[in-house]
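Now for the letters of each chain:
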Amino acid sequence: MKQVAILGSTGSIGVNTLDVIRSHPERFKVVALTAGKQVDRLAQQCAEFKPAIAVVSDADGAARLEQLLRDQKVFTQVLYGPQALVTAVTDSDCDTVMAAIVGAAGLVPTLAAAKAGKRVLLANKEALVMSGNLFMQAMKQGGGELLPIDSEHNAIFQCLPSQFTKAPMPSLGVEELWLTASGGPFRDAPLDQLKSITPEQACAHPNWVMGRKISVDSATMMNKGLEVIEAFWLFGLPLEKIRVLIHPQSVVHSMVRYRDGSVIAQLGQPDMRTPIAYGLAWPERIEAGVAPLSLTQLTSLGFSEPDSDRFPCLSLAFAAAKAGGTAPTVLNAANEIAVAAFLDEGMPYLHIPLVVEKVLNAMPTAAADSIEYILEVDAQARKAARQYIQTLNL
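Below, the structure is looked at part by part.

About the cut-offs
- Residues numbered from 1 in each chain as written.
- Predicted model: local features only at pLDDT ≥ 70, side-chain atom pairs only at ≥ 80, totals over all residues.
- Heavy atoms only, no water.
- Patch = residues over 30% accessible without salt bridge, like charges linked within 9 Å, V, L, I, M, F, W, Y side chains within 5 Å.
- Areas by Shrake-Rupley, 256 points an atom, 1.4 Å probe, with all protein chains shown as cover.
- Salt bridge = Lys/Arg side-chain N within 4 Å of Asp/Glu carboxyl O.
- Helix = DSSP H or I, 4+ residues; strand = E, 2+ residues; numbered from the N terminus.
- Buried < 20%, exposed > 50% of the residue type's maximum accessible area, 1.4 Å probe, protein only.
- Expected span 1.5 Å × (residues − 1).
- Core = buried A, V, L, I, M, F, W, Y, C linked by side-chain atoms within 4.5 Å.
- Contact = heavy atoms within 4.5 Å.
- Pairing = 2+ DSSP bridges.
- Axes fitted to C-alpha atoms, helices over the stretch in contact; angles between N-to-C directions.

**Digging into a nonpolar patch on the surface**
A cluster of nonpolar side chains, contributed by Leu267, Leu295, Leu301 and Phe303, occupies part of the molecular surface with about 350 Å² of accessible area. Checked against the element boundaries, leucine 301 lands in the loop between helix 11 (273–281) and helix 12 (312–323). Take leucine 301: its relative accessible area is 38%, and that puts it in the partly exposed class.

**A closer look at helix 10 (residues 222–235)**
With 14 residues, helix 10 should reach 20 Å at 1.5 Å per residue; the first-to-last C-alpha distance of 20 Å fits that figure. Burial of helix 10 is extensive: 12 of the 14 residues sit out of reach of the surface. Looking only at helix 10, the buried set comprises Met222, Asn223, Lys224, Gly225, Leu226, Glu227, Val228, Ile229, Glu230, Ala231, Leu234 and Phe235. Remark: glycine 236 follows helix 10 within two positions and exhibits a positive phi of approximately 75 degrees.

**Side note on the nonpolar core**
Ranked by size, the top nonpolar core spans 138 residues in total, and within it Phe135 and Leu331 carry the most contacts. The biggest single contributor to this core is helix 13 (residues 327–345), with 11 residues. For phenylalanine 135, the residues in contact, after removing those within four places along its chain, are Thr110, Leu111, Ala114, Val120, Leu122, Ala127, Leu128 and Leu146.

**Points about the sheet that holds strand 1 (residues 2–7)**
With parallel pairing, seven strands are arranged side by side in an open sheet as 4-3-2-1-5-6-7. Bordering the open sheet on either side are strand 4 (77–80) and strand 7 (145–148), each of which pairs with just one other strand. Across this sheet, the average inter-strand angle for adjacent strands is 25 degrees, counted without regard to direction. As paired strands, strand 5 (residues 96–99) and strand 6 (residues 119–122) are joined by four bridges and run parallel to one another. The partner of alanine 99 across the bridge, within strand 6, is leucine 122. Contacts from helix 1 (residues 12–22) reach strand 1, strand 2 (28–34) and strand 5, with the element oriented near 160 degrees to strand 1.

**Some remarks on the pattern of salt bridges**
Applying the stated rule across the entire model yields 22 salt bridges. Across the pair lysine 37 and aspartate 58 runs a salt bridge, and its minimum N-O distance is 2.6 Å. One end of the pair, lysine 37, is in the loop between strand 2 and helix 2 (39–49); the other, aspartate 58, is in the loop between strand 3 (53–56) and helix 3 (59–71), with 21 residues separating them in the sequence. Notably, a salt bridge pairs aspartate 271 with arginine 273, separated by 2.8 Å at the nearest N-O pair. Both residues of the pair, aspartate 271 and arginine 273, count as buried.

**Examining the sheet that holds strand 9 (residues 242–246)**
Across a sheet, strands are paired by hydrogen bonds formed along the backbone, either parallel or antiparallel in direction. With mixed pairing, four strands are arranged side by side in an open sheet as 9-8-10-11. Looking at which strands have only one partner, the edges of the open sheet turn out to be strand 9 and strand 11 (263–267). Here the average twist between neighbouring strands, direction ignored, is 20 degrees. The pairing of strand 10 (residues 252–258) with strand 11 spans five bridges and is classified as antiparallel. Counterpart to valine 252 in the pairing with strand 11 is leucine 267. Of the strands in this sheet, strand 8 (174–181) and strand 9 are in contact with helix 10, which crosses strand 8 at around 150 degrees.

**What about unusual backbone geometry?**
Keep in mind that most residues, glycine aside, have a negative phi and that most peptide bonds are trans. The amide bond that connects tryptophan 282 to the next residue, proline 283, takes the cis arrangement and shows omega of 10 degrees. In this model, aspartate 93 sits at a positive phi of 65 degrees, which is unusual for a non-glycine residue. Note that aspartate 93 resides in the loop between helix 4 (82–90) and strand 5. The exposure class assigned to aspartate 93 is exposed, which follows from its relative accessible area of 66%. Here the phi dihedral of methionine 221 falls at roughly 65 degrees; this positive angle occurs in a residue that is not glycine. Note on placement: methionine 221 falls in the loop between helix 9 (212–220) and helix 10. Exposure remark for methionine 221: the relative accessible area of 1% places this residue in the buried category.

Structure below.
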């Protein structure tokens, strides 16, 4: 039986992970759950799964969670704060960690899981975007297993030969990785209409059920740019061999092109429980609660190149990836602040790439050689983004 810790259990990935685990009580035991502010939902999860440790962001949330659990006679240790996230993966006897905290907050505990030799189910983009080299070194030193949970990287993982972790890609005949993208809710909208996009429109993803921040990243295709950086570190191919294709149906989750002309694709419903179940049980496959894909009901499978005018964030991500070092950290930090300003402060949608580009150009690129320095650069980029947004007179 696998002992599972879930970093970010109240978010979309966390909830879906618990749904898969709920169907397989003989295979998985939840030993740690963490959340930010959603204390009531976390209390419900603790009452059902009875983890040894539960973590929230602050002391007030911890006090409330303790009271809720006491009322339900649930004997879970309640902790709070950033260091408690590390404790959840190092002191809970877990062997598997679902890393699903959105944003830079998930970086340190995910690195801790890697160093501790856990099976890391990586749904947190920032671990590789901000600290790709450090994270891959930590995985190697820890001796654990790394399985990508993002549907695109999970699809590529499934399409590669099983020996790809031990052999260079060229020797396996791999020529290109093709990451598919739905194109979000505005892939066909006239460009002049993007000036008046509201947060509600940006969060109304046509295919996937996701959190608000990730939904906006899908609309701008920044999420795909971050996934390109992830794929670079996960699979070891140069950037010029990693492509992005618009695929509105979200049925083909990604593809691998081989030297002999073959293209191998992974198809399935747009449901995150499929890659989650694959990561939890790998190398086995288990029931995920996902309806089978009916090929006879598919009317078409379309693919096209992304429009750089419509999706400037994708070009910015490729530029940051090419620059390397701390540039992806700056990209990610500036984007988080810009998206938050759009969602919470009414900043125009089209200002998101402007903020990111401004901060990228303003901050010099340096070697990302320590977690302390990466976090320092992250903080500086966030500050620079906030300062620039203040000049926009929203």
